[in-house]
There are 2 protein chains.
Amino acid sequence: MKISTKVEFGIVALADIAIYSENGDTVSSADISRRQNISQKYLEQILVALRQAGFIRGQKGSRGGYTLARPASGITFAEILDGLDNNILADTYINDDGSSGDLRETVNSCIWEKLNGYMREFTAKMTLADFIELHRSDSGESEGEFMYYI
Amino acid sequence: MKISTKVEFGIVALADIAIYSENGDTVSSADISRRQNISQKYLEQILVALRQAGFIRGQKGSRGGYTLARPASGITFAEILDGLDNNILADTYINDDGSSGDLRETVNSCIWEKLNGYMREFTAKMTLADFIELHRSDSGESEGEFMYYI
DNA sequence: CTTATTTCCTAGTATGTCAATAGGCTTTTT
DNA sequence: AAAAAGCCTATTGACATACTAGGAAATAAG
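Residues numbered from 1 in each chain as written. Chains lettered and ligands numbered in written order. Predicted model: local features only at pLDDT ≥ 70, side-chain atom pairs only at ≥ 80, totals over all residues. Heavy atoms only, no water.

1. Re the relation of the copies chain A and chain B
Between chain A and chain B, the superposition needs a rotation of 180 degrees and an axial shift of 0.0 Å, giving an RMSD of 0.1 Å. Both copies are brought into coincidence by an operation consistent with a two-fold rotation axis. Of all interface residues in chain A, 100% are interface residues in chain B too; the two copies therefore contact each other through one and the same surface. (Least-squares fit on C-alpha atoms with pLDDT ≥ 70 in both. Contact = heavy atoms within 4.5 Å.)

As structure tokens, this is what we get:
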């Protein structure tokens, strides 16, 4: 399955904000754009969506930026996906006209809903905090910030 | 997640062929089109894809049609999805240029691959025969062909 | 042998979504 | 007042989806 850049960048942006606002600072879109190598203008649109979905708070003006609206341990992937993409976890089965055949109904109501349920189950269990933890252990256990030299 | 009509119709067509070719007859695209209420011309394209993927055999000419190329109990949903849609079960993560940030790599390599794995696991377990069984018990246990009257 | 039937192949088209790019307005701090 | 940031809206190119359409090739029936 293809992950859209909107979802990918959204998750990355949330994680970036979580990581770099730990000391109380705000994180600007320019910061994220630079660190994560994402087009700033595109990123801004995604940040607006993340704010509207209630994950982050925006502070306008000089020295402004974003902070998490609630702790990373309370933000699940299911919520993020729902907030950024209204397709990926949606039960899209709508009984159009009632005239569709039996088999078509079984495909949608049984198979697809079940698959969807699995995905929702998995994504509801994982939080943004888990993801950051995963990333930290993934980038090596050592304490050093830079690993270019041994 | 949205199911494409190509996949939906493809599954339905396979099931229809499996059901109506049990006595040895072939099943024509016109038959399926009528029974399942699907545009015949569109269906034909899907049937070609299903044949090229090795699920069905086509017999040209008068009294021709389709039959399953192998037993329904040996055709898994993972195979069908792979045959009809090269996106839905694919690990699309490609390390584009190597310059992408750490977080982006973690999203793709850990989260998405894992989600993908779950989907593949689930769909690899279910066969076309299972689906037909499911559909039969779904449409009521009674033996009668018509249920419009009690 | 001819004709009807069926699969099979290719092209086109309308619609929508994705992934940005771009410009500028609004708010807040310095 | 000016700079820095978020916020809002419009536009665009590329691509995918879901068909429609026309006909060529093969095969069985009469």
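2. Focus: unusual backbone geometry
Here the phi dihedral of N37(A) falls at roughly 60 degrees; this positive angle occurs in a residue that is not glycine. The topology assignment puts N37(A) in the loop between α2 (29–36) and α3 (40–52). (Helix = DSSP H or I, 4+ residues; strand = E, 2+ residues; numbered from the N terminus.)

3. Observations regarding the protein's contact with DNA strand C
For DNA strand C, the set of nearby residues contains 28 residues, the closest of which are K41(A), Q45(A), S29(B), E44(B) and Y66(B). Put simply, 67% of the atoms of DNA strand C that lie within 4 Å of the protein are in sugar or phosphate. Take T5(A): an N or O atom from its side chain is 3.3 Å from a sugar or linking oxygen of DNA strand C. With respect to DNA strand C, the backbone of S29(B) contributes an N or O atom lying 2.7 Å from a phosphate oxygen. Of all the secondary structure elements, the ones that give two or more residues to the surface near DNA strand C are α1 (5–20) and α3 of chain A together with α3 (40–52), β1 (56–59) and β2 (65–68) of chain B. Among the elements that take part in the surface near DNA strand C, α3(B) stands out by supplying six residues, more than any other. Here the residues of the surface near DNA strand C are counted per class, giving four nonpolar, 17 polar and seven charged. (Near = heavy atom within 4 Å. Polar contact = N/O pair within 3.5 Å; in protein donor to acceptor, adjacent residues only side chain to side chain. Nonpolar A, V, L, I, M, F, W, Y, C, P; charged D, E, K, R; others polar.)

4. Notes on the packing of α1(A) against helix α4 (residues 77–84) of chain A
All names here are of chain A. In contact at an axis separation of 10 Å, α1 and α4 are set at 130 degrees when each is read in the N-to-C sense. When the interaxial angle is binned, α1 and α4 end up oblique. Considering the relative orientation of α1 and α4, their crossing is right-handed. Of the residues in α4, those in contact with K6, V7, G10, I11 and L14 of α1 are F77, I80, L81 and L84. Partitioned by chemical class, the residues of the contact of α1 with α4 number seven nonpolar, one polar and one charged. (Axes fitted to C-alpha atoms, helices over the stretch in contact; angles between N-to-C directions. Parallel < 35°, antiparallel > 145°, perpendicular 65-115°, else oblique. Left-handed = near helix turned anticlockwise from the far one by under 90°.)

5. Concerning the packing of aromatic side chains
In this description, an aromatic ring pair is defined by two values, namely the gap between the centres and the angle between the planes. Residue and element names in this part refer to chain A. Counted by the stated rule, this structure contains six aromatic pairs over all chains. Look at F77 and F131: their rings are 5.9 Å apart centre to centre, the planes differ by 65 degrees, and that puts the pair in the edge-to-face class. In this pair, F77 is assigned in helix α4 and F131 in helix α6 (residues 128–138), connecting sequence segments 54 residues apart. A single burial state applies to F77 and to F131, both of which are buried. Above the plane of the ring of Y20 lies R35, whose end atom (NZ or CZ) is 3.5 Å from the centre. (Phe/Tyr/Trp six-rings, centres within 6.5 Å; stacked < 30°, edge-to-face > 60°. Buried < 20%, exposed > 50% of the residue type's maximum accessible area, 1.4 Å probe, protein only. Lys NZ or Arg CZ within 6 Å of the ring centre and 35° of its normal.)

6. Some words on helix α5 (residues 102–125) of chain B
For α5(B), spanning 24 residues, the distance from its first C-alpha to its last is 34 Å, which sits close to the expected 34 Å at 1.5 Å a residue. A maximum bend of about 30 degrees is found in α5(B) at E113(B). (Expected span 1.5 Å × (residues − 1). Bend = angle between axes of the 7 residues up to and from the residue.)

7. Some points on α1(A)
An ideal rise of 1.5 Å per residue puts 22 Å on 16 residues; α1(A) measures up with 22 Å between its terminal C-alpha atoms. The buried count for α1(A) comes to 13 of 16 residues, which makes it a mostly enclosed element.

8. What to know about the interface of chain A and chain B
On the side of chain B, 42 residues touch chain A, which itself brings 42 residues to the contact. Interface of chain A and chain B: buried area, both sides summed, is about 4,100 Å²; carbon and sulfur atoms make up 72% of it. Contact with chain B buries area across many residues of chain A, yet M1(A), L103(A) and W112(A) alone supply 21% of it, more than any other trio. The interface formed by chain A and chain B includes two salt bridges. As a salt-bridge pair, R104(A) and E8(B) come within 3.5 Å of each other at their nearest N and O atoms. For the pair chain A and chain B, the number of links is 15 residue pairs in polar contact (both at pLDDT 80 or more). Those elements giving two or more residues to the side of chain A that touches chain B turn out to be α1, α4, α5 (102–125) and α6 of chain A. In terms of residue count, the dominant contributor to the side of chain A that touches chain B is α5(A) (16 residues). Broken down by class, the residue content of the side of chain A that touches chain B amounts to 25 nonpolar, 10 polar and seven charged. (Buried area = accessible area lost by both parts, 1.4 Å probe. Salt bridge = Lys/Arg side-chain N within 4 Å of Asp/Glu carboxyl O.)

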